[in-house]
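Residue-level structure breakdown
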Amino acid sequence: YEWWNHRIQNKQLIKIEDVQQLPRTAVNIGETMEAQSLKAALSSHLEYDGYVIGFVTFGQTQHTRVWHKQEVRQIEDFATIASALVGRVLSKRK
C-alpha cells in the first residue's frame, strides 16, 4: 500500500473519483477498494503532535463521483476535529 501510505504520511488529501482509474502503482489499493465495493473515496490524514497517526475516509459504493470542494472541506474539517479528540485522549494518558 505504498501509494496510499506515501500520500497519507506526506499529509496529502487522497481523492479517488474512479477506482478503475488509479495508477498502476496503486493496483493493490484498487483491488482492496473493489473488494469492499468502493467505487470512489476521499481520505484525509489524522495528526497528533505533528505526526500522522491515521486517516479517515469517505467512500462511495454506488457509482464513481466527482468530489466537490465542499466535500473536501468537510473531510478535512472532520479529520481536524477527530485529530483533536485523539490528541486530547492521548495527552491524558501521559
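So, here is what we can say about the structure in this document. (Residues numbered from 1 in each chain as written. Predicted model: local features only at pLDDT ≥ 70, side-chain atom pairs only at ≥ 80, totals over all residues. Heavy atoms only, no water.)

1. As for the pattern of salt bridges
Opposite charge on two side chains lets them pair, provided their charged atoms get close. Convention followed: What makes a salt bridge here is a side-chain nitrogen of Lys or Arg within 4 Å of a carboxyl oxygen of Asp or Glu, nothing more. Numbered from the N terminus, helices here are DSSP runs of H or I no shorter than four residues, and strands are runs of E no shorter than two. Here the term buried applies to any residue with accessible area under 20% of the maximum for its type, exposed to any over 50%, and partly exposed to those in between, with areas from a 1.4 Å probe on protein chains only.
Within the structure shown, the criterion is met by 2 salt bridges. For the salt bridge of Glu-47 with Lys-11, the shortest nitrogen-to-oxygen distance reads 3.1 Å. Remark: Lys-11 occurs in the loop between helix 1 (2–9) and strand 1 (14–16) and Glu-47 occurs in strand 2 (residues 40–48); sequence separation between them is 36 residues. Looking at Glu-47, the relative accessible area reads 28%, which means it is partly exposed. For Lys-11, a relative accessible area of 37% puts it in the partly exposed group. Across the pair Glu-71 and Arg-65 runs a salt bridge whose closest N-O atoms are separated by 2.2 Å.

2. Focus: the side chain of Ser-44
To keep things clear, this is the line we draw: Working rule for contacts: check all heavy atoms of both residues, and any pair within 4.5 Å makes them a contact.
Within the fold, Ser-44 resides in strand 2. If we skip the residues at most four places from it in the chain, Ser-44 touches Ile-8, Leu-13, Phe-55, Val-56, Ile-75, Glu-76 and Ala-79.

3. Details of the packing of aromatic side chains
Two descriptors summarise a pair of aromatic rings, namely the distance from one centre to the other and the angle between the planes of the rings. To keep it simple, the criterion reads: Pairing of aromatic rings covers Phe, Tyr and Trp, the last counted by its six-membered ring, and requires centre-to-centre distances within 6.5 Å; plane angles under 30 degrees mean stacked, over 60 mean edge-to-face, and any other angle means tilted. Only lysine NZ and arginine CZ atoms are considered, and such an atom sits over a ring when it is within 6 Å of the ring centre and within 35 degrees of the ring normal.
Here the structure, examined in full by the defined rule, presents 2 aromatic pairs. Note on Phe-58 and Phe-78: the rings are 6.4 Å apart at their centroids and 50° apart in plane angle, and the pair reads as tilted. Here the residue Phe-58 occupies a position in strand 3 (residues 51–60), and Phe-78 occupies one in helix 3 (residues 69–93), the gap between them amounting to 20 residues. A relative accessible area of 29% places Phe-58 in the partly exposed class. Judged by relative accessible area, which is 44%, Phe-78 ranks as partly exposed. Across from the ring centre of Trp-67, 4.2 Å away, lies the NZ or CZ of Arg-65, which sits over that ring.

Keep in mind that these numbers describe shape and distance, not what the molecule does.
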